[in-house]
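Results of the structural survey
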Amino acid sequence: MTNGESEASTGAPAGGFVQLLTPDGEHVDSVTTEDGVTYSVDFTDEEYRELYRDLVTVRRLDAEATALQRQGELGIWASLLGQEAAQVGSGRALRPQDMAFPTYREHGVLYTRGIDPIMPFGLFRGVDQGGWDPNEFKFNTYTIVIGSQTLHATGYAMGITMDGKTGNADGEAVIAYFGDGATSQGDVNEAFVWSGVFHAPIVFFCQNNQYAISEPLERQTRVPLYRRADGYGFPGVRVDGNDVLATFAVTRTALDQARNGQGPTLIEAYTYRMGAHTSSDDPTRYRIASEVESWKAKDPIARMKTFLVKQRLADDAFFGEVDQKAGEVALSLRERVLEMPDPQPVTMFDNVYPNGSPEVDAQRAQFERYQASFEGSAH
Ligand SMILES: Cc1ncc(C[n+]2csc(CCOP(=O)(O)OP(=O)(O)O)c2C)c(N)n1
Ligand SMILES: [Mg+2]
């Protein structure tokens, strides 16, 4: 684990974090924490390049979504800018059978699951409720109610244990995403208690992006967030969330421990939200420009590019091709978002109950009569 002494080159907070790729693009072979766990990665040259491609594509899609919102095509957007490595590293660490419970910001995790990035855009455009079949994608629906998904994930993790789907190397595991602000929610406390006591096969993945809207981290905690795990009786580890290699290594280890019956882990991915909380927010009201500048030097994509160049794993042609492909994916997203049909107002009564309900049916009928009353009128 890196420590505070070498903070200048690693960007580590006091107390250190697991880092395998420094902001200068230096790759450390392995890191052993105080708990005696050793973290390393063993990727092929091609796999390193594909991780870089993921990071660039995810950022490019996010930029397109921000532009679409600014052009009035989305009602709101929650940008992941700056958090690409935390999301790509942890998302790629999932095995196909693993189940993910996201917040509203996990577009990068969604992408690494092989899901069409268009999927959550109906929600942000306001043309549907953002629903999909979590079992089909092994990716639960986006959750806006802060922290609540950690309880859903805990229940799911306890359920798969009862179903006998864990306890060996091929077993299933669960990952629950949440933010630094969410750690103050009662739901998250309850999720930690239940998971710890029932030894649930779950990884709590906290992206500490330093803010909960305008509230800085020091308003949430007096101790580093990963140390909260001590009180619940399971391990906590802090990782450099701007380092895709370390994030992958730490998440893969924690998930494999969970699937093998070794219980939960809390991972604190130490990162920074480079943009606004959402497109409705103005961060210049509560944070200074120099802080944002200092985090630019720790950019997750720049360090991966430096590493690839230094190790002669990629050339200009590769970087150009990655940018071009990412642009094509973003253009396709834009075109398909613009084509999303506006819903008929009456569809708001759909999917309220799986088998309908007399009350909702009556409301639908009343609404249809109301709409019909305008037929033939000028309004
Ligand atoms: C239960 C609940 N309380 C308040 C809100 C309003 N709210 C939306 S996002 C947010 C901050 C969340 O911060 P954090 O957990 O750090 O996640 P981040 O947005 O930084 O990824 C709040 C308070 C909410 N959605 N749900
Ligand atoms: Mg936050």
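For the structure given in this document, a descriptive report is provided here. Predicted model, so just to flag it, every value in this text is computed and none were measured.

**With respect to the overall build of the chain**
Counting secondary structure elements, the chain contains 13 helices and 9 strands. Taken against the 2.2 N^0.38 rule, which gives 21 Å for 379 residues, the C-alpha radius of gyration of the chain at 22 Å falls within 12% of a compact globule. In terms of principal-axis extent, the alpha carbons of the chain reach across some 75 × 50 × 40 Å. Burial status across the chain gives 52% buried among its 379 residues.

**Side note on the site of ligand 1**
Around ligand 1 lies a shell of 15 residues, among which Tyr-104, Arg-105, Gly-181, Ala-182 and Tyr-211 are the nearest. A distance of 2.9 Å is found between a nitrogen atom of ligand 1 and a backbone nitrogen or oxygen belonging to Ile-144. Its free accessible area being 580 Å², ligand 1 has 71% of it covered by the protein chains. Here the shell around ligand 1 is composed, by residue class, of 8 nonpolar, 5 polar and 2 charged.

**Some words on the environment of Arg-364**
Relative to the assigned elements, Arg-364 resides in helix α13 (residues 358-372). Given the relative accessible area of 23%, Arg-364 is considered partly exposed. For the pair Arg-364 and Arg-228, spaced 136 residues apart in sequence, the C-alpha to C-alpha distance is 48 Å. In contact with Arg-364, other than residues within four places in its own chain, are Val-346, Phe-349 and Asp-350.

**Looking at the sheet that holds strand β5 (residues 202-208)**
Pairing within the open sheet is parallel, and its 5 strands lie in the order β3-β4-β5-β9-β8. At either margin of the open sheet sits one strand with a lone partner, and together these are β3 (99-101) and β8 (236-240). Strand-to-strand, the axes of this sheet are offset by a mean angle of 20 degrees, without reference to chain direction. Most of the contacts of helix α7 (residues 148-162) go to strand β4 (residues 174-179), to which it runs at about 170 degrees, and overall it touches β3, β4 and β5.

**Side note on the coordination of the magnesium ion (ligand 2)**
Coordination of the magnesium ion (ligand 2) by the protein involves Asp-180 (OD), Asn-209 (OD1) and Tyr-211 (O), with metal-donor separations of 2.0 to 2.2 Å. One chain supplies every donor for the magnesium ion (ligand 2), spaced along it as D-x28-N-x1-Y. Taken together, the residues Asp-180 in the loop between β4 and α8 (186-198) and Tyr-211 in strand β6 (residues 211-212) connect sequence positions 31 residues apart. Overall, Asp-180 belongs to the buried group, its relative accessible area being 1%. Of the residues examined, Tyr-211 reaches a relative accessible area of 8% and is grouped as buried.

**Concerning the pattern of salt bridges**
Tallied over the entire structure, the rule returns 20 salt bridges. Between Glu-64 and Arg-334 there is a salt bridge; the shortest N-O distance is 2.5 Å. Of this pair, Glu-64 sits in helix α2 (residues 45-70) while Arg-334 sits in helix α12 (residues 316-338), placing them 270 residues apart in sequence. The exposure classification of Glu-64 matches that of Arg-334, with both residues buried. One salt bridge in this structure joins Lys-296 and Glu-293, with 3.0 Å as the shortest N-O distance. Pair noted here: Lys-296 and Glu-293 are both in helix α10 (residues 289-296), with a separation of 3 residues, about one helical turn. For Lys-296, a relative accessible area of 46% corresponds to the partly exposed category. Through salt bridges with shared partners, one network takes in Glu-50, Arg-53, Glu-321 and Lys-325.

**Concerning the packing of aromatic side chains**
In the structure shown here, the tally under the stated rule is 30 aromatic pairs. On the numbers, 4.7 Å between centres and 65 degrees between planes, the contact of Phe-192 with Phe-204 is edge-to-face. A residue pair is termed long-range when its members are at least 10 positions apart, and Phe-192 in helix α8 and Phe-204 in strand β5 qualify at 12 residues. The exposure classification of Phe-192 matches that of Phe-204, with both residues buried. Consider the rings of Tyr-211 and Tyr-272, whose centres lie 6.3 Å apart with planes at 75 degrees: the pair is edge-to-face. Of this pair, Tyr-211 sits in strand β6 while Tyr-272 sits in the loop between β9 (265-270) and α10, placing them 61 residues apart in sequence. For Tyr-272, a relative accessible area of 1% corresponds to the buried category. Through pairs of rings, three or more aromatic residues link up here, namely Phe-17, Tyr-211, Tyr-270, Tyr-272, Tyr-286 and Trp-295. Over the ring of Tyr-211 we find Arg-287; its NZ or CZ atom is 5.5 Å from the centre of that ring. Cation over ring: Lys-298 sits above Trp-295, and NZ or CZ is 3.9 Å from the ring centre.

Conventions and cut-offs
- Residues numbered from 1 in each chain as written.
- Chains lettered and ligands numbered in written order.
- Predicted model: local features only at pLDDT ≥ 70, side-chain atom pairs only at ≥ 80, totals over all residues.
- Heavy atoms only, no water.
- Helix = DSSP H or I, 4+ residues; strand = E, 2+ residues; numbered from the N terminus.
- Rg over C-alpha atoms; globule rule 2.2 N^0.38 Å.
- Buried < 20%, exposed > 50% of the residue type's maximum accessible area, 1.4 Å probe, protein only.
- Near = heavy atom within 4 Å.
- Polar contact = N/O pair within 3.5 Å; in protein donor to acceptor, adjacent residues only side chain to side chain.
- Areas by Shrake-Rupley, 256 points an atom, 1.4 Å probe, with all protein chains shown as cover.
- Nonpolar A, V, L, I, M, F, W, Y, C, P; charged D, E, K, R; others polar.
- Contact = heavy atoms within 4.5 Å.
- Pairing = 2+ DSSP bridges.
- Axes fitted to C-alpha atoms, helices over the stretch in contact; angles between N-to-C directions.
- Donors = N, O, S within 2.8 Å, 3.2 Å for Na, K, Ca; no water.
- Salt bridge = Lys/Arg side-chain N within 4 Å of Asp/Glu carboxyl O.
- Phe/Tyr/Trp six-rings, centres within 6.5 Å; stacked < 30°, edge-to-face > 60°.
- Lys NZ or Arg CZ within 6 Å of the ring centre and 35° of its normal.

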